[in-house]
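# Commentary on secondary and tertiary structure
This is what each chain is made of:
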Amino acid sequence: MNRSAGVGRLVVFILLGLVLGGILGEVLGLVLGQIGVMSGGDMNNPSATSSSRAWELDLGYKDGWALDLYMIKLRLGLGLKFNTCSIVGMALSLYIMKWSNRG
């Protein structure tokens, strides 16, 4: 296996772990919010709220970068959103990649 294939495989595993972990965190936050675990009061669970809390990073201005040429408008933007589950998912996917069969 050459070096570029190894780097490509690493990028795929990192992105897969981040996406699947992010989806799991969003679903977990939604489900726990529906059943009242995250509503406060005496049922407030710190581990549940920390696993679904997200950190967002937006590059560009609020609606993204815009190039307005009167007839054509081009908007570009990049936003990243991480939660605890996405970081755990990335670590788990890297662990799986390390021990998976390369053959």
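Remember, predicted model here, so these are calculated numbers, not experimental data. (Residues numbered from 1 in each chain as written. Predicted model: local features only at pLDDT ≥ 70, side-chain atom pairs only at ≥ 80, totals over all residues. Heavy atoms only, no water.)

## Topic: the pattern of salt bridges
Under the counting rule described, the total for this entry stands at 1 salt bridge. Linking Lys81 and Glu26 is a salt bridge whose minimum nitrogen-to-oxygen distance equals 3.4 Å. With Lys81 in strand β4 (residues 78-83) and Glu26 in helix α1 (residues 3-34), the pair connects residues that are 55 residues apart, well separated along the chain. Judged by relative accessible area, Lys81 falls into the partly exposed class, the value being 47%. For Glu26, a relative accessible area of 41% translates into the label partly exposed. (Salt bridge = Lys/Arg side-chain N within 4 Å of Asp/Glu carboxyl O. Helix = DSSP H or I, 4+ residues; strand = E, 2+ residues; numbered from the N terminus. Buried < 20%, exposed > 50% of the residue type's maximum accessible area, 1.4 Å probe, protein only.)

## Focus: the side chain of Ser93
For Ser93, the location among the structural elements is in helix α3 (residues 84-99). Classification of Ser93 as buried rests on a relative accessible area of 8%. A distance of 2.9 Å separates a polar side-chain atom of Ser93 from the backbone oxygen of Phe13. (Polar contact = N/O pair within 3.5 Å; in protein donor to acceptor, adjacent residues only side chain to side chain.)

## Topic: the confidence of the model for the protein chain
Predicted confidence across the protein chain gives a mean pLDDT of 75, with 68% of residues reaching 70 or more. Considering each helix and strand of the protein chain separately, the mean pLDDT is smallest for helix α2 (residues 46-52), with a value of 59, and largest for α3, with 88. (pLDDT = per-residue confidence, 0-100.)

## Quick notes on α3
Count 3.6 residues to each turn of an α-helix, and residues three or four apart come out pointing the same way. Taking 1.5 Å as the rise per residue, α3 with 16 residues should run 22 Å; its terminal C-alpha atoms sit 23 Å apart, in good agreement. Buried within α3 we find Cys85, Ser86, Gly89, Ser93 and Met97. Along α3, the residues classed as buried sweep out an arc of 110 degrees about the axis, all on the same side. Residues of α3 that are exposed and angled more than 90 degrees away from the buried face: Val88, Tyr95, Lys98 and Trp99. (Expected span 1.5 Å × (residues − 1). Arc of directions from axis to C-beta.)

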